[in-house]
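In case you want the letters, here they are:
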Number of protein chains: 2
Amino acid sequence: MKIGILGGGQLGRMLIQEGLKYDDEWFTLDPAADAPCSSISHFTQGRFDEYETVFNFGKGKDVVSIEIEHVDVDALFELKASGIRVCPSPEIIQVIQQKILQKKFYKKHGIPSPQFQIIQNKSEADFPLPFVQKMNTGGYDGKGVQVIRTEGDLTKLWNVSSVLESLVDIEKELSIIVAIGEDGETKTFPVTEMVADPKLNLLDFNICPAHISEEVEKQIADITAQFTKAACSAGLFAIELFLDKEGKVWVNETAPRLHNSGHQTQEGNANSQFEQLCRILKNVPLADTDAMGYSGMLNLVGDENHSGKVMYEGLEEVMKLPKTYVHLYGKTNTKPGRKMGHINVLAASREELMEKLIRIKSMVKVTSV
Amino acid sequence: MKIGILGGGQLGRMLIQEGLKYDDEWFTLDPAADAPCSSISHFTQGRFDEYETVFNFGKGKDVVSIEIEHVDVDALFELKASGIRVCPSPEIIQVIQQKILQKKFYKKHGIPSPQFQIIQNKSEADFPLPFVQKMNTGGYDGKGVQVIRTEGDLTKLWNVSSVLESLVDIEKELSIIVAIGEDGETKTFPVTEMVADPKLNLLDFNICPAHISEEVEKQIADITAQFTKAACSAGLFAIELFLDKEGKVWVNETAPRLHNSGHQTQEGNANSQFEQLCRILKNVPLADTDAMGYSGMLNLVGDENHSGKVMYEGLEEVMKLPKTYVHLYGKTNTKPGRKMGHINVLAASREELMEKLIRIKSMVKVTSV
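Residues numbered from 1 in each chain as written. Chains lettered and ligands numbered in written order. Predicted model: local features only at pLDDT ≥ 70, side-chain atom pairs only at ≥ 80, totals over all residues. Heavy atoms only, no water.

Per an unreviewed UniProt entry, chain A is named N5-carboxyaminoimidazole ribonucleotide synthase, and its organism is Marnyiella aurantia. According to its UniProt record, chain A has this under Sequence similarities (unreviewed entry): "Belongs to the PurK/PurT family." Under Catalytic activity (unreviewed entry), UniProt gives the following word-for-word description of chain A: "5-amino-1-(5-phospho-beta-D-ribosyl)imidazole + hydrogencarbonate + ATP = 5-carboxyamino-1-(5-phospho-D-ribosyl)imidazole + ADP + phosphate + 2 H(+)". (UniProt positions renumbered as here; feature names shortened; annotations may be inferred.)

Okay, structure coming up:
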């Protein structure tokens, strides 16, 4: 099968790594000549947000998918119209890549998501403080999002089309990954807790399974079912959630792709998010996602004081630890905050897991030569 | 790191697949333009048994290793002399690639191995029936080996330099994989039972852990320690063993490389044989090899009545089974007896494992379009 992926970053790389156990041909499109996928797939250097480039890339493939959502959807609509399978559907990618459409989608389908106001420019802002401003397009890894807490902060408002959203009083950030097959079969991975680094606003730890009540599990199962029905598309989706201090679950946002919150599934589950997406793209039965115990993940992020040729301090010591798995992304150069890799950990209890993650965090540093 | 592998088959492919999680550059050498490694590494088309080709391939690498033992060792000696790390050592590869040297090696180091006679031509044969004739060089996957049972069979003797070896009254065929780091650190995988298909003489099932007594475990541990000391080389080695009907363990032969008997370690152990070899080549601490329960493997071998573009019958049904992992090798064409892939299985008991393996065996068939 000829599988084309828009984007050639680490998500694509780990997808192809997993997919090497099947006999498919992998094609990737990325503007960076040294993208993580470039050496392990048929690689096209080019922009995935350009109509012509995407359309030409997609022609002749059996299926076209994404590893980043900021792609030219018009080309995907055109490819779909020409008979090429596009997964997830251009419709749901379009909804998700625009924060305004995404919020309307949640409202329309009764999916609980924080109150919001849509503005086209900052003069329209009329929303109770504190709130979050999310740019309609272009947000990624914490970019394009800011918190407006006080009257004084209002001067910082970006003068662009955006969503203003109530600030949730967050108890926990959670995520659930759901796989939807072409035949409508669905499978979820266990709910994961995401512990963020407040400075970089990049996901830092994952802890799986999340420590939540049955009642909260139930709310998340309902949201997942609602989302799955509303999405009306095959694909792998990560639903990012807030659990507030009153015990209510809200959808923060959804990613129509592989997600950082699912990296520990590589060793933590009977099959990983990468295997699951392979199966969706190949249109074969979904895999079982049973947890192998407690699992967690720590991102390896470029240190704020280093740029240039990457060096991983402490990694050899980490590799001595049992049930500890280092995953690097094949990136030559680091810069502050750049995601360079991650470390997965298995443990027999939540306490052991936390101890291992915290210990590992103190052992490694992503610096430059 | 620049890692060069002689051979570009499935063993190399699965090694590189695992190694993609580190930031190394992989190079492979194989005569077949469409070798399984060709699309996922820097690929050189050429013969690994030619001095010039191997020497030129190895120059400039940080380490050179093998995924098949029938390589030109003179070039490896030369590379080593020029300062390039060769792993395993040319010395041990040379011993293992010649059955006569291999038998002498076992004898010299007191490693139990069946009685034997060395012959240069068939007229020298003077050995009690029944026995096995093993050609000195060129044997692989059951080729170059024949059983001589009767006086009448003696006419079938190959007229080449070979070893005649007592036929062991086999209770079980076993295998142990041992990893030896550059610093002498060793780690073993659990002993595995190999159940062979008598018709194709190709490994068919693996069952891990082997059902053997403590006393047999002890013999195997002793053999492994003796071999490790005698080998005097870093590397990953598979020691193939016979357990006879009296309960004594004999070394059949050793492979200085990744081995079919270790394929179930991909999902069956905390880390696989492929990860372990990556670590040896990278010269970092060895990984833990804890078993995740019972694991097994079934080879997907080309059906005897089919040649041409491969088709896998029944594979989708197999993919519905829990904790069942399909691994194909990226080979386009099948032929009778060709190893095209394998299926790994996890189970909670030996009985469940056997049932799953037998069921899966009846479900799949490797045919042609």
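Okay, back to it.
Chemist: Which parts of the structure should I look at to understand the sheet that holds strand β6 (residues 116-119) of chain B?
Modeler: Across a sheet, paired strands are connected by hydrogen bonds in the backbone, their directions being either parallel or antiparallel. Residue and element names in this part refer to chain B. Read across the open sheet, the four strands follow the order β6-β9-β7-β8; overall the sheet is antiparallel. Edge positions in the open sheet fall to β6 and β8 (145-148), since each of these has one partner strand only. Averaged over neighbouring strand pairs, the angle between their axes works out to 20 degrees when direction is ignored. Pairing of strand β7 (residues 131-135) with strand β9 (residues 162-166), which is carried by five bridges, proceeds in the antiparallel orientation. The partner of Q133 across the bridge, within β9, is L164. (Pairing = 2+ DSSP bridges. Helix = DSSP H or I, 4+ residues; strand = E, 2+ residues; numbered from the N terminus. Axes fitted to C-alpha atoms, helices over the stretch in contact; angles between N-to-C directions.)

Chemist: Quick question: what am I supposed to make of the domain arrangement of chain A here?
Modeler: Accessible area lost on assembly of the parts is the figure often given for the size of an interface. According to the domain assignment, chain A contains domain 1 (2-86), domain 2 (115-165) and domain 3 (170-368). The gap between the C-alpha centroids of domain 2 of chain A and domain 3 of chain A is 27 Å. (Domains from an automatic or database assignment.)

Chemist: Is there a simple way to think about the UniProt feature "binding site: ATP" (unreviewed entry) in chain A in this case?
Modeler: All names here are of chain A. Per the UniProt entry, the sites bearing "binding site: ATP" (unreviewed entry) are K99, K134, E165, S166, L167, V168, E173, N252 and E253 in this numbering. Relative to the elements of secondary structure, V168 occurs in the loop between β9 (162-166) and β10 (170-180). When neighbours within four sequence positions are excluded, V168 is seen to be in contact with P114, F242, D244 and W250. Assignment of secondary structure puts E253 in strand β15 (residues 249-255). Ignoring any residue separated from it by four or fewer positions in sequence, one finds E253 in contact with K99, Q102, Y106, K134, A238, I239 and E240. (Contact = heavy atoms within 4.5 Å.)

Chemist: Can you help me understand the nonpolar core in this one?
Modeler: Nonpolar side chains tend toward joint burial in soluble globular proteins. L15(A), L281(A), I343(A), L15(B), L281(B) and I343(B) are the most contacted members of the largest nonpolar core, which totals 100 residues. Not counting residues up to four positions away in its chain, the partners in contact with L281(B) are M1(B), I3(B), I5(B), L15(B), W26(B), V63(B), S65(B), R85(B) and C87(B). (Core = buried A, V, L, I, M, F, W, Y, C linked by side-chain atoms within 4.5 Å. Buried < 20%, exposed > 50% of the residue type's maximum accessible area, 1.4 Å probe, protein only.)

Chemist: Can you help me understand helix α1 (residues 10-19) of chain B in this one?
Modeler: One turn of the α-helix equals 3.6 residues, which is why residues spaced by three or four share an orientation. Within α1(B), nine of the ten residues are buried, leaving the element largely enclosed by the surrounding structure. Three or more residues of α1(B) are buried, namely Q10(B), L11(B), G12(B), R13(B), M14(B), L15(B), I16(B), Q17(B) and G19(B).

Chemist: Before we go on, may I ask you to explain the relation of the copies chain A and chain B in this structure?
Modeler: Copy one and copy two of the chain differ by a rotation about an axis and a translation along that axis. Note on the copies: chain A fits chain B at an RMSD of 0.0 Å, the axial shift is 0.0 Å, and the rotation between them is 180 degrees. Considering both components of the superposition, the chain copies are consistent with a two-fold axis. Relative to the rotation axis, the C-alpha of I40(A) is the closest in chain A, positioned 2.4 Å from it. In this assembly, 100% of the residues forming the interface of chain A have copies in chain B that are likewise at the interface, indicating an isologous arrangement. (Least-squares fit on C-alpha atoms with pLDDT ≥ 70 in both.)

Chemist: Explanation requested: the packing of helix α2 (residues 51-58) of chain A against helix α3 (residues 73-81) of chain A in the structure shown.
Modeler: In helix packing, the relevant descriptors are the interaxial angle and the interaxial distance, both defined with respect to the helix axes. Residues and elements named next belong to chain A. Contact geometry for α2 and α3: axes closest at 8 Å, N-to-C directions at 35 degrees. Between α2 and α3 lies a crossing of right-handed hand. On the side of α2, the interface is formed by Y51, V54, F55 and G58, while α3 contributes D74, A75, L76, E78 and L79. Per-class residue counts for the contact of α2 with α3 are six nonpolar, one polar and two charged. (Left-handed = near helix turned anticlockwise from the far one by under 90°. Nonpolar A, V, L, I, M, F, W, Y, C, P; charged D, E, K, R; others polar.)

Chemist: Is there a simple way to explain unusual backbone geometry in this structure?
Modeler: With glycine set apart, most residues show a phi of negative sign, and most peptide bonds adopt trans. For the bond from L129(A) to P130(A), the omega torsion is -15 degrees, close enough to zero to count as cis. Mapped onto the elements of the fold, P130(A) is located in the loop between β6 (116-119) and β7 (131-135). Cis geometry marks the peptide bond from C208(B) to P209(B); its omega dihedral reads 0 degrees. Structurally, the position occupied by P209(B) is in the loop between β13 (202-208) and α6 (214-231).

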